[in-house]
Amino acid sequence: MAEFRLPKNSKVNRGKTWPSPDDKENIRKLEIYRWNPDDDKNPEIDTYYIDMDSCGPMVLDALIKIKSEIDPTLTFRRSCREGICGSCAMNIDGTNTLACLCGMDDIKGDIKVYPLPHTEVIKDLIPDLSHFYAQHAAIMPWLETETDRPETEWKQTIKDREKLDGLYECVMCACCSTSCPSYWWNSDSYMGPAALLNAYRWVIDSRDEARERRLDELEDPFKLYRCHTIMNCTKTCPKGLNPAKAISSLKQMMVERRG
């Protein structure tokens with residue numbers, strides 16, 4: 001008989017429950033994923049209670065309040081709190097999003113917070129995004145030119161500039177890529193929605209002179225074509241971008257240049 005076992009530290013146990021504030025009526029319950037690489041314990045779900053009358057409206061506000069007033073060992077990434085840095089990406093109420101843009105009033109019932117799925121966890125809510133960033137670097141996210149540098153700046157028409165709308169706003173939070181089943185199973189070879197959206201952003205930039213080289217780099221059975229248009233990437237993007245459309249446009253460009 002075949003015997004299947006979960007990898008070490010993969011079973012999530014019930015953790016510590018912190019006391020609820022006394023004599024408070026406006027209370028929200030948060031269940032948060034905890035894992036410390038420095039001990040040999042399995043991950044746990046700790047439970048916290050927040051007085052909403054003394055807390056900001058976003059999930060990030062609650063996490064900061066927990067770390068500041070209840071449990072200083074809670075670990076997570078955050079920076080600007082304005083939705084423009086992508087630092088606080090995590091899975092909240094079953095959806096990958098930015099904690100600084102996720103309002104607690106939009107969540108019914110208990111608030112469940114986990115790290116981004118299908119990533120190696122460094123500690124608590126912090127995923128290891130080293131491979132994700134390496135893929136972004138591989139698509140050459142900069143302007144490539146061969147002509148002499150102009151005296152002032154590289155110019156483009158208003159119409160050409162408008163083509164970049166919906167692309168340049170990507171904050172590299174990894175919400176889209178870590179919600180993609182194709183990326184879950186093929187992240188070693190499939191570039192993923194975030195990298196491909198950024199690749200398309202540079203391919204269509206009128207100032208760039210490396211279009212064919214960029215497309216050549218993506219001409220691979222896995223790098224681009226492993227996308228099956230499941231649309232999870234577009235549904236989960238906290239910035240309202242459409243990586244699936246960008247990937248589809250890249251595929252169309254590949255077809256056209258072969259013809």
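Reading the values: the criteria
Residues numbered from 1 in each chain as written. Predicted model: local features only at pLDDT ≥ 70, side-chain atom pairs only at ≥ 80, totals over all residues. Heavy atoms only, no water. Helix = DSSP H or I, 4+ residues; strand = E, 2+ residues; numbered from the N terminus. Buried < 20%, exposed > 50% of the residue type's maximum accessible area, 1.4 Å probe, protein only. Contact = heavy atoms within 4.5 Å. Areas by Shrake-Rupley, 256 points an atom, 1.4 Å probe, with all protein chains shown as cover. Lys, Arg positive; Asp, Glu negative; His and termini not counted. Charge placed at Lys NZ, Arg CZ, Asp CG, Glu CD. Pairing = 2+ DSSP bridges. Axes fitted to C-alpha atoms, helices over the stretch in contact; angles between N-to-C directions. Polar contact = N/O pair within 3.5 Å; in protein donor to acceptor, adjacent residues only side chain to side chain.

So, the overall build of the protein
Check the secondary structure of the protein and you find 8 helices and 8 strands. Burial statistics for the protein: of 259 residues in total, 44% are counted as buried. Pairs at least 24 residues apart make up 66% of the contacts formed inside the protein by residues separated by at least 6 positions. Total accessible area on the protein stands at roughly 14,500 Å², and carbon and sulfur atoms take up 49% of it. Taken as two groups, the 36 positive and 42 negative side-chain charges of the protein have centres that lie 2 Å from each other.

Points about the sheet that holds strand β2 (residues 27–34)
In space, the 6 strands of this open sheet follow the order β1-β3-β2-β6-β4-β5, with mixed pairing throughout. Of all strands in the sheet, those bounded by a partner on one side alone are β1 (13–17) and β5 (95–98). The sheet shows a mean angle of 35° between the axes of neighbouring strands, direction not considered. The strands touched by helix α1 (residues 59–70) are β2, β3 (44–51), β4 (89–92) and β6 (111–114); relative to β3, the strand with the most contacts, the crossing angle is about 95°.

What to know about helix α5 (residues 193–203)
Counting buried residues in α5 gives 11 out of 11 residues, a clear majority hidden from the surface. Listed as buried for α5 are Pro193, Ala194, Ala195, Leu196, Leu197, Asn198, Ala199, Tyr200, Arg201, Trp202 and Val203. Tucked inside the fold, the buried residues of α5 contact α2 (130–138), α6 (211–218), α7 (232–236) and α8 (243–258).

Quick word on the side chain of Thr236
On the secondary structure map, Thr236 appears in helix α7. For Thr236, a relative accessible area of 9% translates into the label buried. A distance of 2.6 Å separates a polar atom in the side chain of Thr236 from the backbone oxygen of Asn96. Every residue in contact with Thr236, bar those within four places of it in the chain, is listed here: Thr95, Asn96, Cys175, Cys176 and Ser179.

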